[in-house]
Amino acid sequence: MPYDDLRSFLDTLEKEGQLLRIPDEVLPEPDIAAAANAAGRIGEGAPALWFDRVKGFTDARIVMNVHGSWRNHALALGLPKDTSPREQVEEFARRWDAFPVAPERRADAPWQDNTLTGDDVDLFRVLPLFRLNDGDGGFYLDKAAVVSRDPDDPDHFGKQNLGTYRMEVVGRDRLALQPVPVHDIAQHLRTAEERGEDLPVAITLGNDPVIPIVAGMPLRYDQSEYEMAGALRGAPMPIATAPHTGLDVPWGAEVVIEGVIESRVRQIEGPFGEFTGHYSGGRRMPVIRVERISYRTDPVFESLYLGMPWTECDYLVGPNTSVPLLKQLRAEFPEVRAVNAMYTHGLLVIISTAKRYGGFAKAVGMRAMTTPHGLGYVSQVILVDEDVDPFDLPQVMWAQSAKVNPREDVVVVPNLSVVALAPASQPPGVTSKLIIDATTPVAPDVRGDFGTPVKDLPETAEWTARLRTLLAGR
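None of the values given here were measured: they were computed from a predicted structure.

A.B. asks: Which parts of the structure should I look at to understand the sheet that holds strand β18 (residues 301-302)?
C.D. replies: Within a beta sheet, neighbouring strands are joined by backbone hydrogen bonds and run either parallel or antiparallel to one another. Pairing in this open sheet of 4 strands is mixed, and the strands run β1-β2-β3-β18 from one edge to the other. Strands with a single pairing partner mark the edges of an open sheet, and in this sheet they are β1 (19-22) and β18. Here strand β2 (residues 48-51) pairs with strand β3 (residues 62-64) via 3 bridges, running antiparallel. Along β3, the bridge assignment pairs L49 with M64. Set on the sheet, helix α1 (residues 6-15) makes contact with β1, β2, β3 and β18; between it and β1 the angle comes to about 95 degrees.

Quick look at the structure:
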């Protein structure tokens, strides 16, 4: 049964032993973020964290690490909590094929309970804000879904974007937004500013568990995140109409913030501890003017800790980055078997592929760098053979150590685009990209001595399953 809101998912996490209520009174800083940081250090079964006794706040309800383990991620997709990462990616890919599933529009959204408009708009009144890292320049909303439309084609449902972008609270009715140039909202904003217009946006917080997954997926510009959410849920995604902007927003959100990105207005935003495990500095960024806040009674505030991996961010964007790359590559190269893009939002990607002829694997690697996600993120690609599991790092390291001749198999391509947050880029947004071909050479490439590989015994797969069953039954 798919979840229509965050609260029903939290109920399931608690029943499955994957929600930990913190009984003590905690400080908003550093306790909440430090606890979420610690959750990433205690193993792959880490629970979501619930805080309702926060010093300085009245009736605050804060959840962290909701997607922060493979168990929680599996439950978000309606899978058994012990589903392995590889199995989750495979199921993700299977559900992708059901796309598109049209959403279901519903009335009486729970976030319509309370409304602030005009001079009453005050983000601090609704949200229990706190910094995530001690070097952050301010309070951030980092697990919100931001909705915008293409100003040139506002009636095209697929071109309405639902994305996750970091936003710094810079006033009671102001947010500074970072739109990475390769993301859809940046295209919407550029079009609006060329026309001298503000860009209407709706920001939703505390969403059902599939919305954060699709909001971070590198879909094509004209593919709807809501229609992908339906495919992943196995049921239509419930949406509602935001009353001020008319944008389509998740029906089950805890908070809906509406306003506009002010045309050609910029303000210093940052620094912020990012998914790269480094701080990004202050930059001039667009500004959102908040004009309406709608929220559930006693809203649950959901946030996400970012820092040196692994954190919740890495679980959240792993499969939803791997599968789009797999599907986009396989459409042109059916030889591609699997894609592991779970490392630092796909800055590093491992691809398993068969080869048609010598040099083929390098072509696959170059194509990965020019996919919608690759243009802004994929800066290193490791290619392995079709019988190497890209999710099994010992196998990948074996392939790289045994099959790579650096002179011929390592390719560096200079001056390509990358997200400006990548700390190694110089100048920000430009980098050299790396391809490591760790596949076995095939004709007419006859380098090396790979004619007699050792293969798994035919009975190995059967014994693997048998041993797992015996261990589980102990």
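Structure's up, so let's keep going.
A.B. asks: Help me out: how do you make sense of the pairing of strand β23 (residues 430-438) in this one?
C.D. replies: In the case of a regular strand, side chains alternate between the two sheet surfaces. Of all 9 residues making up β23, 7 are buried, and the element is well covered by its neighbours. Note that strand β21 (residues 380-384) and β23 share 5 bridges and pair parallel. When the bridges of β23 are listed, Q380 appears paired with L434. Sheet analysis places strand β22 (residues 410-417) next to β23, joined by 6 bridges and oriented antiparallel. Opposite V412, over in β23, you have L434 as the bridge partner.

A.B. asks: What exactly am I supposed to notice about the domain arrangement of the chain here?
C.D. replies: As a measure of interface size, the accessible area lost when the parts come together is often cited. We note that the domain assignment places domain 1 (85-303) and domain 2 (333-444) within the chain. Domain 1 and domain 2 are separated by 31 Å when their C-alpha centres are compared. With 16 residues of domain 1 at the interface, the matching set in domain 2 holds 17 residues. Across the interface of domain 1 and domain 2, roughly 1300 Å² is buried in total on both sides, 76% from carbon and sulfur atoms. At the boundary of domain 1 and domain 2, one finds 1 salt bridge. The interface formed by domain 1 and domain 2 holds 2 residue pairs in polar contact (both at pLDDT 80 or more) in total. Residues of the side of domain 1 that touches domain 2, tallied by class, amount to 6 nonpolar, 6 polar and 4 charged.

A.B. asks: In this structure, what is going on with the sheet that holds strand β20 (residues 348-353)? I would like to understand it.
C.D. replies: Spatially, 5 strands are ordered β19-β20-β21-β23-β22 in an open sheet, and the strand pairing comes out mixed. Each of the sheet's edge strands pairs with one partner strand only, and the pair in question is β19 (336-343) and β22. Adjacent strand axes in the sheet meet at a mean angle of 20 degrees when their direction is disregarded. In this sheet, β20 lies alongside β19 in antiparallel orientation, the contact comprising 5 bridges. Bridging from a neighbouring strand, V339 pairs with I351 of β20. Where helix α9 (residues 312-330) meets the sheet, it contacts β19 and β20, and its direction lies at approximately 150 degrees from that of β19.

A.B. asks: For this particular structure, what's the right way to read a nonpolar patch on the surface?
C.D. replies: Where nonpolar side chains cluster on the molecular surface, the patch consists of W463, L467 and L470 and spans about 310 Å² of accessible area. Positionally, L467 belongs in helix α13 (residues 460-472).

Parameters at a glance
- Residues numbered from 1 in each chain as written.
- Predicted model: local features only at pLDDT ≥ 70, side-chain atom pairs only at ≥ 80, totals over all residues.
- Heavy atoms only, no water.
- Pairing = 2+ DSSP bridges.
- Helix = DSSP H or I, 4+ residues; strand = E, 2+ residues; numbered from the N terminus.
- Contact = heavy atoms within 4.5 Å.
- Axes fitted to C-alpha atoms, helices over the stretch in contact; angles between N-to-C directions.
- Buried < 20%, exposed > 50% of the residue type's maximum accessible area, 1.4 Å probe, protein only.
- Domains from an automatic or database assignment.
- Buried area = accessible area lost by both parts, 1.4 Å probe.
- Salt bridge = Lys/Arg side-chain N within 4 Å of Asp/Glu carboxyl O.
- Polar contact = N/O pair within 3.5 Å; in protein donor to acceptor, adjacent residues only side chain to side chain.
- Nonpolar A, V, L, I, M, F, W, Y, C, P; charged D, E, K, R; others polar.
- Patch = residues over 30% accessible without salt bridge, like charges linked within 9 Å, V, L, I, M, F, W, Y side chains within 5 Å.
- Areas by Shrake-Rupley, 256 points an atom, 1.4 Å probe, with all protein chains shown as cover.

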